[in-house]
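Each chain, written out:
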Amino acid sequence: MRSATTESRSIRALLIAIALLWLALIILLPLLAVFTQALDKGLGTFWAAIVEPDALAAIRLTLLTAIIVVPVNCVFGMCAAWAIAKHDFRGRDLLTTLIDLPFSVSPVVAGLMFVLLFGANGWFGPWLIAHGVRIMFAVPAIVIATAFVTFPYVARELIPLMSAQGKAEEEAALTLGAGFFQTFWHVTLPNIRWGLLYGVLLTNARAMGEFGAVSVVSGHIRGLTNTMPLHVEVLYNEYNFVGAFAVASLLALLALVTLAAKSLLEWRHRDSIAATGH
Amino acid sequence: MTITIDNLVKTFGTASALNGVSLDIADGSFVALLGPSGSGKTTLLRIIAGLETADSGHVLFGGEDVTDRPVQRRNIGFVFQHYALFRHMTVAQNIAFGLTVMKRRDRPTKAAIAARVEELLALVQLPGLGGRFPSQLSGGQRQRVALARALAREPAILLLDEPFGALDTKVRRELRGALREIHDRVGLTSIFVTHDREEAFALADTVAILSAGKIEQFAAPREIEQAPASDFVRDFVI
C-alpha cells in the first residue's frame with residue numbers, strides 16, 4: 001500500500017541511501033580516519049602526544065577560552081534575542097543584521113579587525129602598550145576573537161523560538177504580579193531552555209574549534225598562545241602526524257561528547273520538550 | 001470597584017486606536033466592550049490593565065488615579081485571548097503563580113496556597129485536574145484554568161480579552177453561564193472584549209459599542225436595542 005502523499009517505496013529508499021552514503025563519505029569516513037591515524041602507533045604514543053607540555057598548554061588554553069566565551073555569549077545572546085523577539089523598537093532590523101555579521105565575515109577578516117584595533121599600530125594599540133596592557137598575541141585577543149566569531153549562535157537559536165512563543169505568557173505573569181526578573185526566571189527562561197542549550201553547545205563547539213580568527217591574533221607562541229586547532233596545525237606542518245592526529249582526535253572527541261550530552265538530555269526530558277513546543 | 005476612564009487617546013505610529021474615550025463603570029457591573037476589529041476595544045482593555053500606556057487621558061479605580069501605576073500593582077485579573085497559560089507548568093502551578101511570586105512576607109504558606117488552588121479548581125469546576133499540563137486540556141478547560149489563575153490573588157477587577165473567541169458554540173454557552181455565576185459570586189467588576197453582538201447582549205449588564213476608537217453608545221442592552229444612538233449602532237446591532 002502507498003499513501004497518497006508519500007513517494008513510492010523505491011524512491012524513498014533511494015533518497016535515504018543517498019543521504020546515508022553522503023553522510024558516510026563526508027562525515028563518518030574522515031572522522032574515522034582521524035581516530036585511526038591518531039592510534040596508528042599504538043595507545044602509548046597517542047597518550048605521549050597528548051600529555052606533552054605544549055599539547056597540555058594548548059588544551060588548557062582552549063578550555064579556558066571556552067569557559068570565558070560561552071557564558072558571556074550566552075548572556076549577550078539571550079539579551080539580544082529577547083530585545084529583538086519580544087520588543088519593537090527603532091533599529092531592530094539593523095541589530096538583527098549586525099548579529100549575523102560574524103557569520104558572513106570570514107574569520108580571517110575578523111582576526112585582522114582586531115589587529116587593526118589592538119595591534120602595535122592599531123587604534124588603541126599604542127595607548128594599551130603604554131599602559132602595560134597586553135591584548136594582541138596573548139590570551140585576551142584569543143578570547144575576544146573567539147567571542148566575536150561565536151556571538152550569533154545563541155541569539156540565532158533563540159530569536160525564532162522567542163518570536164514564535166510571543167509575549168502573551170510574559171504579559172500574563174505581569175498581570176499576576178510578577179516582577180521583571182521573576183517573569184524572566186519563571187516564564188521566559190523555562191520556555192527557551194532547550195533552544196538555549198542547543199545554542200550553548202554550538203557556541204562551545206565553535207569556540208573550541210575556531211581556527212582562522214584565533215590564528216591571526218594569537219601569534220603562535222608554543223605553550224603560551226596556541227589553542228588546540230593551532231597546535232594541530234603546528235604539529236602537522238612539522239610532519240608529526242601521530243601528534244597532530246592525537247590532538248585532533250581529542251578535539252573531535254570533545255565535540256562528540258557535547259553532542260552526546262545534548263542527545264541524552266533531550267531524551268531524558270522529551271516530555272517537557274514536547275510540552276514547550278520545541 | 002468603580003472604573004473611570006477619562007478621555008483616553010492612543011495612537012500606534014500614525015494609526016489612531018483611541019480618540020478620546022470616556023466611560024464610567026459602576027462597582028460590580030459586568031461590561032462588554034463590543035465593536036468590529038480595529039475599533040480599539042482590545043487597546044482600551046489593555047490600557048485599563050496597564051499592559052499599554054495611553055498617550056493622554058486617565059484611568060481611575062475607585063476614584064484613585066492608576067494611570068501611572070504598573071500592571072503588577074493594579075490588582076486586576078486578566079484572561080488572555082488564547083489563555084497564555086504557562087506551558088511548562090502544571091494546572092496547579094499555573095493557578096498558584098500569582099501567589100508564589102508574592103514577596104516572602106505577604107506570601108501565604110505552601111499549605112494555604114495548595115488549599116486556595118483546590119478552592120479555585122472547584123470554583124471553575126475542574127476538581128482533580130491540578131496535575132495536568134495545559135497541553136493535556138481541551139480549549140474549554142484551558143479557559144477555565146486561565147480564569148482560575150486570574151482570580152487567585154482576589155482581584156477587584158476582572159478583564160477578559162475575547163474570552164470565548166476560540167471555542168465552539170456549545171462550550172461557549174456553558175462557559176458564559178459559569179463566568180456570569182463566578183462574577184456574581186465573587187463580587188467582581190468585570191469588563192470583557194468581544195466582537196459578537198449576541199454574546200455581549202446575553203452576558204453583560206452594560207454594553208459599550210466602539211467604532212474607530214470612539215464610544216458610539218454605552219447603555220444597557222435593552223436600551224441600545226430600543227434607542228440606538230447612531231446609524232452605526234443601528235447597523236451593527238440590529
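Thresholds applied
Residues numbered from 1 in each chain as written. Chains lettered and ligands numbered in written order. Predicted model: local features only at pLDDT ≥ 70, side-chain atom pairs only at ≥ 80, totals over all residues. Domains from an automatic or database assignment. Nonpolar A, V, L, I, M, F, W, Y, C, P; charged D, E, K, R; others polar. Pairing = 2+ DSSP bridges. Helix = DSSP H or I, 4+ residues; strand = E, 2+ residues; numbered from the N terminus. Axes fitted to C-alpha atoms, helices over the stretch in contact; angles between N-to-C directions. Contact = placed C-beta atoms within 7 Å. Buried ≥ 20, exposed ≤ 12 C-beta atoms within 10 Å, placed from the backbone. Expected span 1.5 Å × (residues − 1). Bend = angle between axes of the 7 residues up to and from the residue.

## Quick word on the domain arrangement of chain A
Residues and elements named next belong to chain A. Partitioning chain A into structural domains gives domain 1 (1-38) and domain 2 (43-276). One C-alpha centre belongs to domain 1, the other to domain 2; they are set 30 Å apart. When the residues that make up the side of domain 1 that touches domain 2 are grouped by side-chain class, the tally is four nonpolar, one polar and no charged.

## Description of the sheet that holds strand S9 (residues 206-211) of chain B
Residues and elements named next belong to chain B. Strand order in the open sheet formed by six strands is S6-S7-S8-S3-S9-S10, with mixed pairing between adjacent strands. Of all strands in the sheet, those with a lone pairing partner are strand S6 (76-79) and strand S10 (214-219), marking the two edges. Averaged over all neighbouring strand pairs, the angle between strand axes comes to 15°, with direction disregarded. Across four bridges, the pairing between strand S3 (residues 30-34) and S9 is parallel. Pairing of Ala 32 across the sheet is with Val 207, part of S9.

## Looking at the sheet that holds strand S2 (residues 15-25) of chain B
Residues and elements named next belong to chain B. Pairing within the open sheet is antiparallel, and its four strands lie in the order S2-S1-S4-S5. Each edge of the open sheet carries a strand with a single partner, namely S2 and strand S5 (64-65). For strand S1 (residues 3-12) and strand S4 (residues 56-61), the ladder comprises five bridges, and the chain directions are antiparallel. Looking at the pairing, Val 9 lines up with Ser 56 of S4. On top of the sheet, helix H1 (residues 41-49) reaches S1, S2 and S4; it is set at about 120° to S1, its chief contact.

## Focus: the environment of A:Leu43
Residues and elements named next belong to chain A. Turning to its location among the elements, Leu 43 is positioned in helix H2 (residues 43-51). Residue classification places Leu 43 among the exposed residues on the basis of 9 C-beta atoms within 10 Å. Between the alpha carbons of Leu 43 and Ala 246 there is a distance of 9.8 Å; along the sequence they are 203 residues apart.

## Some remarks on the environment of B:Ala229
Residue and element names in this part refer to chain B. Summarising the element assignment, Ala 229 is placed in the loop between helix H7 (221-226) and helix H8 (231-237). Spatially, the C-alpha atom of Ala 229 lies 36 Å from that of Arg 144, the residues being 85 residues apart in sequence. Filtering out sequence-adjacent residues up to four positions away, Ala 229 remains in contact with Glu 216 and Gln 217.

## Notes on the pairing of S9(B)
Side-chain positions along a regular strand alternate between the two faces of the sheet. Residue and element names in this part refer to chain B. Within S9, six of the six residues are buried, which leaves it mostly tucked inside the rest of the structure. Going residue by residue along S9, you find Thr 206, Ala 208 and Leu 210 tucked away on one face and Val 207, Ile 209 and Ser 211 tucked away on the opposite face as well. One ladder, built from five bridges, connects S9 with S10; its direction is antiparallel. The partner of Ser 211 across the bridge, within S10, is Lys 214. Following S9, the chain reverses through two residues before pairing antiparallel with S10; Ala 212 in that reversal takes a positive phi of roughly 45°.

## A word on helix H8 (residues 152-165) of chain A
All names here are of chain A. Its 14 residues place the ends of H8 20 Å apart at the C-alpha level, agreeing with the 20 Å of an ideal helix rising 1.5 Å per residue. Of all the bends found along H8, the most pronounced is centred on Ile 159 and spans about 25°, while Pro 160, a proline, follows it within four residues. Where burial is concerned, most of H8 is hidden: 10 out of the 14 residues are buried. Listed in full, the buried residues belonging to H8 are Pro 152, Tyr 153, Val 154, Ala 155, Glu 157, Leu 158, Ile 159, Leu 161, Met 162 and Gln 165. The inward-facing, buried residues of H8 contact helix H3 (53-86), helix H4 (92-104), helix H7 (139-150) and helix H10 (180-209). Phi for Gly 166, located one or two positions after H8, is positive at around 70°.

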